[in-house]
Amino acid sequence: MRVSEAHAFYERESHDRFLPTANTRGPWDAASQHAGPPAALLGLAAEQRPGGRPDLRVARLTYEIVRPVPIRPLTVSTRVLRAGRSVELVRVGLTPDGGDEVMRATVLLMRTVPDSVPTVSPGPQVTGPGAVPPKAFFPVPWDQGYHTAMEVRFAAGSFLEPGPATAWMRMRVPLVAGEAVTPLSRVLTAADSGNGVGSALDFHRYVFVNADLTVSLHRHPEGEWVCLDARTMVDGAGIGLAESALHDEKGPLGRGTQTLYVTARD
C-alpha cells in the first residue's frame with residue numbers, strides 16, 4: 001500500500017493525481033479512507049476546474065459513495081456538464097490505481113454579485129469553539145488517521161453518547177501538502193462526520209454507513225472551524241437520515257444530509 005509521509009491528507013503528484021497519507025484513514029478499516037478528505041478533494045477539483053469563472057461559487061455538492069475509498073493513489077476526473085450564464089454544473093470523480101471509480105459528485109455553482117440583494121440568514125447560533133474543551137474521538141485501533149488529523153470540540157453531546165450533538169471540527173493538517181486550504185475544503189472535510197457526531201444508535205451494536213452526502217451552502221465559509229449541529233433519524237426497516245446544520249463562527253452557512261444503511265453488527 002503506497003502511502004505518502006507528507007504532513008497533510010494528500011500529496012499532489014500531478015494536477016489530477018494525489019497520493020493519500022495515513023491521515024486519511026477512517027476509524028473502521030485500516031485500508032480505507034474516511035469519506036471527508038476525498039469529499040474535500042473532489043470539491044477542490046471543482047473549484048480548480050480549467051476555465052473556472054471567479055464569479056461562480058459552489059452552492060451544492062451531491063456525492064455518491066460507490067464503495068469505500070482505498071488508501072491508494074487517486075486520480076481525479078473533472079467534466080463540465082452545463083455552463084450557463086448564471087449556473088454551472090460540474091461532475092467530478094475519484095478513481096484509485098487499479099480500480100473503478102469509487103466516489104463521484106455533481107457540483108452546482110452559481111453566479112454571485114456582491115451586495116446585489118439583502119442578506120437573510122436566520123437560524124439559531126451555537127456555542128463557539130472557544131467556549132468548549134476538546135474531546136477525543138471514540139477509541140480507534142490505530143494511532144494515526146482522520147481521528148488524529150481533526151480537532152473536535154463538542155458544544156453538546158459526544159461521539160460516545162447516542163443522540164443529537166453539536167461538534168466543532170478543525171483540520172490539523174492541510175488537505176494537500178504545500179497548498180493553502182480553501183474555505184470549502186474545511187467544510188467538506190468535516191461534513192461527512194454528521195452521522196457519527198449525531199448518531200442515534202450505539203456504534204458498538206449497530207452499523208450506520210452513509211451511501212451519499214449532500215452539502216448545500218447559502219454562504220461562503222469563513223475561518224478554520226466548522227460546526228455540525230447533527231441529528232439522525234432511523235426507520236426500523238434499516239434506512240436512516242443524518243442531518244447537520246453547518247455553521248462557522250460567524251453563524252449558519254448551510255446543511256449537510258446523509259442517507260444511511262443501518263443494520264445490527266454481526
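Use the structure listed above.
Conventions adopted
Residues numbered from 1 in each chain as written. Predicted model: local features only at pLDDT ≥ 70, side-chain atom pairs only at ≥ 80, totals over all residues. Heavy atoms only, no water. Core = buried A, V, L, I, M, F, W, Y, C linked by side-chain atoms within 4.5 Å. Buried < 20%, exposed > 50% of the residue type's maximum accessible area, 1.4 Å probe, protein only. Helix = DSSP H or I, 4+ residues; strand = E, 2+ residues; numbered from the N terminus. Axes fitted to C-alpha atoms, helices over the stretch in contact; angles between N-to-C directions. Parallel < 35°, antiparallel > 145°, perpendicular 65-115°, else oblique. Left-handed = near helix turned anticlockwise from the far one by under 90°. Contact = heavy atoms within 4.5 Å. Nonpolar A, V, L, I, M, F, W, Y, C, P; charged D, E, K, R; others polar. Salt bridge = Lys/Arg side-chain N within 4 Å of Asp/Glu carboxyl O.

Q: What's the story with the nonpolar core in this structure? I'm lost.
A: One recurring pattern in soluble globular proteins is that nonpolar side chains are buried together. Among the nonpolar cores identified, the biggest contains 63 residues, and Phe9, Tyr63, Met103, Val107 and Val215 are the most heavily contacted of them. It is helix H1 (residues 36-47) that provides the largest number of residues to this core, a total of seven residues.

Q: Would you take a moment to explain the packing of H1 against helix H3 (residues 183-191) for this structure?
A: A pair of packed helices is captured by two measures, namely the crossing angle of their axes and the spacing between those axes. Between H1 and H3, the least distance of the axes is 7 Å, while the angle of their chain directions is 150°. Taken together, the axis directions place H1 and H3 in an arrangement best described as roughly antiparallel. With respect to the hand of their crossing, H1 and H3 are arranged in right-handed fashion. Here H1 contributes Gly36, Ala39, Ala40, Gly43, Leu44 and Glu47 to the contact with H3, which in turn contributes Leu184, Ser185, Leu188 and Thr189. A per-class count over the contact of H1 with H3 returns five nonpolar, four polar and one charged.

Q: What should I look at first to understand the pattern of salt bridges in this one?
A: Counted according to the given criterion, the structure contains 13 salt bridges. Put simply, Glu179 and Arg12 hold a salt bridge, and the shortest N to O gap is 2.6 Å. Placement of the pair is Glu179 in the loop between strand S8 (161-171) and H3 and Arg12 in strand S1 (residues 10-14), with a sequence separation of 167 residues. A relative accessible area of 24% places Arg12 in the partly exposed class. When the shortest N-O distance is used, the salt bridge between Glu222 and Lys250 registers 3.3 Å. Here Lys250 lies in the loop between strand S12 (239-248) and strand S13 (251-264) and Glu222 lies in the loop between strand S10 (212-217) and strand S11 (226-234), a separation of 28 residues in the sequence. Looking at Glu222, the relative accessible area reads 41%, which means it is partly exposed. Ionic contacts of the salt-bridge type, sharing partners, join the residues Glu151, Arg153, Arg170 and Glu224 into one network.

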